[in-house]
Amino acid sequence: LVTYGPSFVCPVCVAIVALLVGIYFWHSRAVQARQSDSDSVKLPPSSLLEFAYLMGDLKRTKRTGWVRKKVHEPESVADHMYRMAVMSWVFGDQLPHYNTDGATNTTSTSTAKLMKMALVHDMIEAICGDIVPIERISGVSKQQKYDLEHAAIIKIRDEYLKNTDVGQEMYDLWMEYEGQQTSEAKLIKDLDKLDMIIQAEEYEKLPQNDGIKLAEFFKGTRGVFQTGIGQNVDSELMRQREQRLQSQQQT
């Protein structure tokens, strides 16, 4: 450093040194990130196909609640996950407009993370099926359901994706969703419930369902929404549903 007198340090020189140190650490982190990417485990084509077949099972796994109600052409788990993933993308864009007092603050959420979590949250059903979360109906307790699903996500991580980075990421996202402690997890839980009652509304309106009543699905979601956007969309859906039911009574 250039000094002027016994105790004066050139401020420009200090700034230059600080900048060079910053550049050095940034470059080091970039190199480490590239090395981490290159160290990722390579899955053979056979493993990629095996995982694709597993995900294909979700297309053929019908959602249990709709099967029980004998709706016309019940949706698959993949149908449910797809709309959730797309809506999580849209919700991620709209979140800043819907943060309200008393709701979970979701301003710092990552849209990419939301979409991934929406895709992962029911992925385990390709292995353990869609277990109704009501013991008197499914015969499976809440703890047993969690244990079965947790074992399934471990199997996906370890056996199908063979401890790759993406397998670990899926596991971490699933655990975060189940933990319900982060804003992303709470938003995806809201979306999970919203998609269910949106689907119920669609089934009630479908002529092939011959006036089916699915009020229990709406009743089960009262007071559960944690985010401002979830609460607003739920309120609008309920307004539209009430208007539809009143119109039907008048005809």
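Please refer to the structure higher up on the page.
Heads up: these notes are all about the structure in this document. None of these values were measured; they are calculated from a predicted model. Throughout this description, residue numbers start from 1 for each chain and increase along the sequence as written. Owing to the predicted nature of the model, reporting of local features is limited to residues with pLDDT of at least 70; listing and counting of side-chain atom pairs is limited to 80 or more, with chain, interface and lining totals taken over all residues. No hydrogens and no water enter the side-chain calculation; it runs on all heavy atoms of the structure.

## Describing the pattern of salt bridges
Right, on to step 1. Just to be clear on terms, a salt bridge is a Lys or Arg side-chain nitrogen sitting within 4 Å of an Asp or Glu carboxyl oxygen. A complete count under the given rule lists 17 salt bridges for this structure.
Right, on to step 2. Of the charged contacts, one joins Lys-69 and Glu-216 as a salt bridge, the two residues approaching to 2.9 Å between their closest N and O atoms. Of the two residues, Lys-69 is situated in the loop between helix H3 (64-68) and helix H4 (77-94) and Glu-216 in helix H11 (residues 215-219); the sequence distance between them amounts to 147 residues.
Right, on to step 3. Accessible area is worked out with a 1.4 Å probe on protein chains only. A residue is then buried under 20% of its type maximum, exposed over 50%, and partly exposed in between. The exposure class assigned to Glu-216 is partly exposed, which follows from its relative accessible area of 43%.
Right, on to step 4. As a salt-bridge pair, Glu-236 and Arg-239 come within 2.7 Å of each other at their nearest N and O atoms. Going along the chain from the N terminus, every DSSP run of H or I of four or more residues is numbered as a helix, and every run of E of two or more is numbered as a strand.

## Looking at the packing of helix H8 (residues 142-160) against helix H9 (residues 165-179)
Right, on to step 1. H9 packs onto H8 with a crossing angle of 160° between their chain directions and a minimal axis gap of 8 Å. By the angle between their directions, the pair H8 and H9 is classed as roughly antiparallel. Like other packed secondary-structure pairs, H8 and H9 cross with a definite hand, here right-handed. Contact residues: Tyr-146, Glu-149, His-150, Ile-153, Ile-154 and Arg-157 in H8; Gly-167, Gln-168, Met-170, Tyr-171, Trp-174, Met-175 and Glu-178 in H9.
Right, on to step 2. Just so you know the grouping, Ala, Val, Leu, Ile, Met, Phe, Trp, Tyr, Cys and Pro go in nonpolar, Asp, Glu, Lys and Arg go in charged, and all remaining residues, Gly too, go in polar. Considering only residue class, the contact of H8 with H9 consists of seven nonpolar, three polar and three charged. To get an axis, a line is fitted to the C-alpha atoms, and for a helix only the part in contact is used. The angle between two axes follows their N-to-C directions and goes from 0 to 180 degrees. If an angle is under 35 degrees, it is roughly parallel; if it is over 145, roughly antiparallel; if it lies from 65 to 115, roughly perpendicular; otherwise it is oblique. A clockwise turn of the near helix away from the far one marks a right-handed crossing, whereas an anticlockwise turn of less than a right angle marks a left-handed crossing. Contacts are residue-level and defined by heavy atoms, with any inter-residue pair within 4.5 Å sufficient.

## Quick word on the environment of Thr-182
Right, on to step 1. Of note, Thr-182 is situated in the loop between H9 and helix H10 (183-205).
Right, on to step 2. Along the primary structure Thr-182 and Thr-109 are separated by 73 residues, whereas in three dimensions their C-alpha atoms are 9.2 Å apart.
Right, on to step 3. At a separation of 3.2 Å, a polar atom in the side chain of Thr-182 contacts the main-chain amide nitrogen of Ala-185. A 3.5 Å cut-off defines polar contacts: any pair of N or O atoms within that distance qualifies, except that in protein one atom must be a possible hydrogen donor and the other a possible acceptor, and neighbouring residues in sequence count only when both atoms are side-chain atoms.

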